[in-house]
Amino acid sequence: MTPSKPTETQTATLAEIAREAGVSAPTVSKVLNGRADVAPATRTRVEELLRAYGYRRRRAEASRSPLIDLVFHELESAWAMEVIRGVENVARDAGLSVVLSESAGRLTPGRTWADQVAARRPHGVVLVLSGLDESQRALLLSRSIPFVVMDPAGDPGPDVPSIGATNWQGGLAATRHLVELGHQRIGAISGPSRMMCSRARVDGYRAALETAGVPVDPALIKAGDFHHDAGYRLGLELLRMPDRPTAIFTGNDLQALGLYEAARELGLRIPEDVSVVGFDDLPLARWVGPPLTTVRQPLTEMAEAAARLVLEMGRAEEATTATRVELATSLVVRSSTAAPGPGGM
């Protein structure tokens with residue numbers, strides 16, 4: 001069955017959708033509530049009509065569970081713990097609990113996840129380095145479940161609320177610091193090229209070099225994946241070059257730790273032989289030897305802002321205009337950076 005195409009202003013009640021779908025109103029209600037006792041073909045037909053008519057539950061009818069859904073594309077590092085802490089801070093103050101999900105490295109959660117969220121009816125959803133496809137967005141919108149993307153992997157679009165950081169400025173500040181110390185051959189180990197934050201940090205690195213009149217050498221830029229092993233492997237590649245860099249900017253602190261390991265393996269000292277700058281300022285950045293110079297990304301504050309925004313959206317009587325917020329990054333200078341040694345200019 002193909003639903004009739006609605007006009008821009010056309011809306012429909014549950015009874016009208018039920019009549020067009022050839023089912024009862026309670027069956028439509030079951031689909032809206034994520035109930036499992038609906039035949040797959042019936043569910044698909046009702047979902048198509050809900051999307052076609054842009055049906056959204058009125059806020060008053062959307063009874064919510066005392067939950068915030070927090071979704072990670074990967075859940076395996078100290079970075080994630082800072083985000084969890086921020087969302088928990090806001091949830092606790094609001095008398096809510098947090099449900100954690102992981103999309104196993106995918107930048108979009110699976111369809112079963114969206115159905116589970118619809119059944120849970122949380123106060124809102126915070127997605128970290130993730131996004132939603134059109135059907136998932138329509139499913140949440142039809143249930144009046146607000147969602148916010150934190151640190152979006154790609155362009156979230158003008159109609160998706162998001163919280164990020166000034167990644168370009170952070171990459172610029174990190175590299176400018178190294179240039180001002182006197183370094184000319186500065187390497188970079190980025191994060192995944194598919195992630196907007198990673199590209200922005202490398203763009204900031206390039207801009208700092210170009211502004212200082214230092215040529216950008218593509219051979220000194222390595223594409224990592226934000227994991228420790230990439231910092232170690234790509235660090236070995238950079239440090240084994242005949243004309244190795246005297247300083248390296250890594251896209252995050254975990255890759256900086258991998259670079260530390262590579263330098264130790266090659267008998268190189270930090271910062272005497274190679275200066276290192278990370279990104280994030282995780283607690284471990286202060287504990288390593290030597291303490292890591294890094295760009296502070298306010299992860300806990302970003303997570304708190306995302307959680308507060310999604311709760312505000314849930315309290316609004318009508319759909320709110322999409323918001324894009326970027327929190328400032330800042331350079332934290334510690335002991336892993338110094339002027340290049342003799343012959344390292």
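Residues numbered from 1 in each chain as written. Predicted model: local features only at pLDDT ≥ 70, side-chain atom pairs only at ≥ 80, totals over all residues. Heavy atoms only, no water.

Under the definition given, this model contains 11 salt bridges. Across the pair Asp69 and Arg120 runs a salt bridge, and its minimum N-O distance is 2.5 Å. Within this pair, whereas Asp69 is found in strand 1 (residues 67-72), its partner Arg120 is found in helix 5 (residues 111-120), the two being separated by 51 residues in sequence. On the basis of relative accessible area, Asp69 is assigned to the buried category, the value being 0%. Look at Arg120 and you get partly exposed, because its relative accessible area is 21%. Of the charged contacts in the structure, one is a salt bridge between Arg269 and Asp273, with a shortest N-O distance of 3.2 Å. Via salt bridges that share partners, Glu134, Arg137 and Asp159 belong to a single interconnected network. (Salt bridge = Lys/Arg side-chain N within 4 Å of Asp/Glu carboxyl O. Helix = DSSP H or I, 4+ residues; strand = E, 2+ residues; numbered from the N terminus. Buried < 20%, exposed > 50% of the residue type's maximum accessible area, 1.4 Å probe, protein only.)

Here we come to the nonpolar core. Within the largest apolar cluster, 70 residues are counted, with the highest numbers of intra-cluster contacts made by Leu70, Met150 and Tyr205. Tallying contributions element by element places helix 11 (residues 299-315) first for this core, with 10 residues. Apart from residues no more than four positions distant in its own chain, Tyr205 is found in contact with Gly171, Leu172, Thr175, Ile186, Gly187, Ala188, Leu220, Ile221 and Phe249. By size, the runner-up hydrophobic cluster in this structure holds 14 residues, among which are Val71, Ala118, Ile145 and Phe147. (Core = buried A, V, L, I, M, F, W, Y, C linked by side-chain atoms within 4.5 Å. Contact = heavy atoms within 4.5 Å.)

It is worth spelling out unusual backbone geometry at this point. Residue Pro271 is bonded to the preceding Ile270 through a cis peptide linkage, with omega at 10°. Considering the arrangement of structural elements, one finds Pro271 in the loop between helix 10 (253-265) and strand 9 (275-280). The linkage connecting Gly289 with the following residue, Pro290, adopts the cis geometry, with an omega of -5°. Following the sequence through the fold, Pro290 ends up in the loop between strand 9 and strand 10 (293-296). The backbone of Arg121 sits at a positive phi, close to 55°, despite the residue not being glycine. Considering the arrangement of structural elements, one finds Arg121 in the loop between helix 5 and strand 3 (124-128). On the basis of relative accessible area, Arg121 is assigned to the partly exposed category, the value being 24%. For Asp280, which is not glycine, the phi dihedral falls at a positive 130°. Along the chain, Asp280 turns up in strand 9.

In spatial order, the strands read 7-6-8-9-10-12; together these six strands make up an open sheet with mixed pairing. Only two strands of the sheet have a single partner each, and these edge strands are strand 7 (221-223) and strand 12 (330-332). In this sheet, adjacent strand axes meet at a mean angle of 20° when their direction is disregarded. In this fold helix 7 (residues 167-180) packs onto strand 6 (186-190), strand 8 (247-250), strand 9, strand 10 and strand 12, with an angle of close to 165° to the strand it touches most, strand 9. Contacting strand 6, strand 8, strand 9 and strand 10, helix 10 runs over the sheet at an angle of about 155° to strand 9. (Pairing = 2+ DSSP bridges. Axes fitted to C-alpha atoms, helices over the stretch in contact; angles between N-to-C directions.)

With 87% of its residues at a pLDDT of 70 or more, the protein has an overall mean of 86. This stretch, residues 1-10, has a pLDDT under 50; its non-local contacts, to residues over four places away or in other chains, come to 15 contacts. (pLDDT = per-residue confidence, 0-100.)

Now for the packing of helix 9 (residues 228-239) against helix 10. One way to put it is that helix 9 packs onto helix 10 with a least axis distance of 6 Å and a crossing angle of 45°. The angle between helix 9 and helix 10 falls in the class oblique. The handedness of the crossing between helix 9 and helix 10 is right-handed. Touching His228, Ala230, Gly231, Tyr232, Gly235, Leu236 and Leu239 of helix 9 are Leu254, Gln255, Leu257, Gly258, Leu259, Glu261, Ala262, Ala263 and Glu265, all from helix 10. In the contact of helix 9 with helix 10, the residues fall into nine nonpolar, five polar and two charged. (Parallel < 35°, antiparallel > 145°, perpendicular 65-115°, else oblique. Left-handed = near helix turned anticlockwise from the far one by under 90°. Nonpolar A, V, L, I, M, F, W, Y, C, P; charged D, E, K, R; others polar.)

Turning next to the side chain of Thr293. Among the structural elements, Thr293 can be located in strand 10. A polar side-chain atom of Thr293 sits 2.8 Å from the main-chain amide nitrogen of Arg334. Beyond its immediate sequence surroundings of up to four residues, Thr293 is in contact with His177, Val276, Val277, Gly278, Leu331, Val332, Val333, Arg334, Ser335, Ser336 and Thr337. (Polar contact = N/O pair within 3.5 Å; in protein donor to acceptor, adjacent residues only side chain to side chain.)

Applying the stated criterion across every chain, the model contains one aromatic pair. Relative to Phe279, the ring of Phe249 lies with its centre 6.5 Å away and its plane at 50°, an arrangement referred to as tilted. Here Phe279 lies in strand 9 and Phe249 lies in strand 8, a separation of 30 residues in the sequence. Pair check on accessibility: Phe249 and Phe279 agree, each one buried. Over the face of the ring belonging to Phe279 we find Arg201, whose NZ or CZ atom lies 3.9 Å from the ring centre. (Phe/Tyr/Trp six-rings, centres within 6.5 Å; stacked < 30°, edge-to-face > 60°. Lys NZ or Arg CZ within 6 Å of the ring centre and 35° of its normal.)

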